Amino acid sequence: MDFIDKLRARWRDADTLLCVGLDPDPAKFPDRFANDADALFAFCRDIADATAQFACAFKPQIAYFAAHNDGEAALQRLIAHLNAAHPEVPVILDAKRGDIGSTAEQYAAEAFDRFAADAVTLNPYMGRDSAAPFLARSDRGCVFLCHTSNPGARDFQELVVSGGSGGGEPLYQRIARTIADDWNGGGNCALVVGATFPEELKAIRAIVGGMPLLIPGVGAQGGDVEAVVRNGRTPDGTGLMINSSRGILYASRGEDYAEAAADAARGLRDAINRHR
Ligand SMILES: O=C(O)c1cc(=O)[nH]c(=O)n1[C@@H]1O[C@H](COP(=O)(O)O)[C@@H](O)[C@H]1O
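Before going into details, it helps to say that this report is about the structure given with it. (Residues numbered from 1 in each chain as written. Predicted model: local features only at pLDDT ≥ 70, side-chain atom pairs only at ≥ 80, totals over all residues.)

## Regarding the site of the ligand
Neighbouring the ligand are 19 residues; T148, S149, P216, S245 and R246 lie closest to it. Mapped onto the shell around the ligand, the elements with two or more residues apiece are β10 (240-244) and α11 (246-249). A per-class count over the shell around the ligand returns three nonpolar, 13 polar and three charged. (Near = placed C-beta within 6 Å. Helix = DSSP H or I, 4+ residues; strand = E, 2+ residues; numbered from the N terminus. Nonpolar A, V, L, I, M, F, W, Y, C, P; charged D, E, K, R; others polar.)

## With respect to the sheet that holds β10
Read across the sheet, eight strands follow the order β2-β1-β10-β9-β8-β5-β4-β3 without closing on themselves; strand pairing throughout is parallel. On the outer flanks of this sheet lie β2 (57-60) and β3 (92-97), each paired with one strand and no other. With strand direction ignored, the average angle separating the axes of adjacent strands in the sheet is 30 degrees. By the bridge criterion, four bridges tie strand β4 (residues 119-122) to strand β5 (residues 141-147) in an arrangement that is parallel. Across the sheet, the residue bridging to L122 is F144, located in β5. (Pairing = 2+ DSSP bridges. Axes fitted to C-alpha atoms, helices over the stretch in contact; angles between N-to-C directions.)

## Some details on the pairing of β10
For β10, the tally of buried residues reaches five of five residues, placing the bulk of the element in the interior. What you see with β10 is no split at all: L240, I242 and S244 on one side and M241 and N243 on the other are buried throughout. Judged from the three bridges that link them, strand β9 (residues 213-215) and β10 form a sheet pairing that is parallel. Following the sheet pairing, I215 is matched in β10 by I242. In this fold, β9 hands off to helix α10 (residues 225-232), which returns the chain to β10; that crossover is right-handed. (Buried ≥ 20, exposed ≤ 12 C-beta atoms within 10 Å, placed from the backbone. Right-handed = clockwise from strand over helix to strand, strands pointing away.)

## Examining the packing of helix α8 (residues 171-181) against helix α9 (residues 198-208)
Across the interface, α8 lies against α9 with an axial gap of 9 Å and an inter-helix angle of 25 degrees. If you check the angle between α8 and α9, you find them roughly parallel. Viewed along their axes, α8 and α9 form a crossing whose handedness is right-handed. Facing Y172, Q173, A176, R177 and A180 of α8, the residues of α9 in contact are E200, A203, I204, I207 and V208. (Parallel < 35°, antiparallel > 145°, perpendicular 65-115°, else oblique. Left-handed = near helix turned anticlockwise from the far one by under 90°. Contact = placed C-beta atoms within 7 Å.)

## A short note on the nonpolar core
Soluble globular proteins: nonpolar side chains tend toward being buried together. By size, the foremost hydrophobic cluster in this structure holds 89 residues, and its most contacted members are L18, V120, F144, L191 and A261. The element that contributes the greatest number of residues to this core is helix α12 (residues 257-274), accounting for eight residues. Once you skip the residues sitting within four places of it in the chain, F144 turns out to touch L122, P124, I175, I179, C189, L191 and V192. (Core = buried A, V, L, I, M, F, W, Y, C linked by C-beta atoms within 7 Å.)

Next comes the structure, spelled out in structure tokens:
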């Protein structure tokens, strides 16, 4: 099943818009992992197994693995575990790739063949040819940065460029329009929109129709769940993958870390659903 179909089936069957972010930081791990050489894998596996029932997607962030010797091998084993144990939950590799076409071919092979992810996050800054190797894999998802969650998102993404109905529009809206109207011929695109920018989320939803949106920035970054759901949902009450990483992963450092993560995931799933 392709990424978008898998995501839609998961929204429907599990009644959840929650994306569980897997950003393992050994400095924050529960004490029991102190001397565990396989801690990156084991911690994420335990969290994923405890939270899968509440998840519409998992999102491992590659930097948290690649920063460590043997970390990429741990990531590869983790995604293999997710695909085997929770095949109904799509995996988005958060790698924010983007480069000239020949290099992008290698990045596409990395995400989809080596790591076997269902989707990957991409930076659209280098333009259509940099995205082409990913777009061509129509069974896999291309999740493009549109308006990010960080304060510096304003530096470039809100600059007004020529175009739009009023003769000018912010760059993030141009990105949304270009991807919806042009790059999404294979029907495999989605966008990243930060939870910390709910008004911009509303504008993006109006431009892209039913396209799925990945929404990081609730929890640790302070985004408001109600505003996100109100401004970002589609008419059928779906359309969103609302990510939380630290708020779920580090709910407890004690022996109850997996249960605490499950409670945090259930709580956020329920909070999201209250506003759908
Ligand atoms: O692409 C992303 O996932 C992403 C885009 C963005 O604009 N902001 C953002 O925080 N992220 C990622 O989303 C996760 C947010 O983590 P928490 O703030 O701990 O929930 C991290 O993995 C970030 O790298």
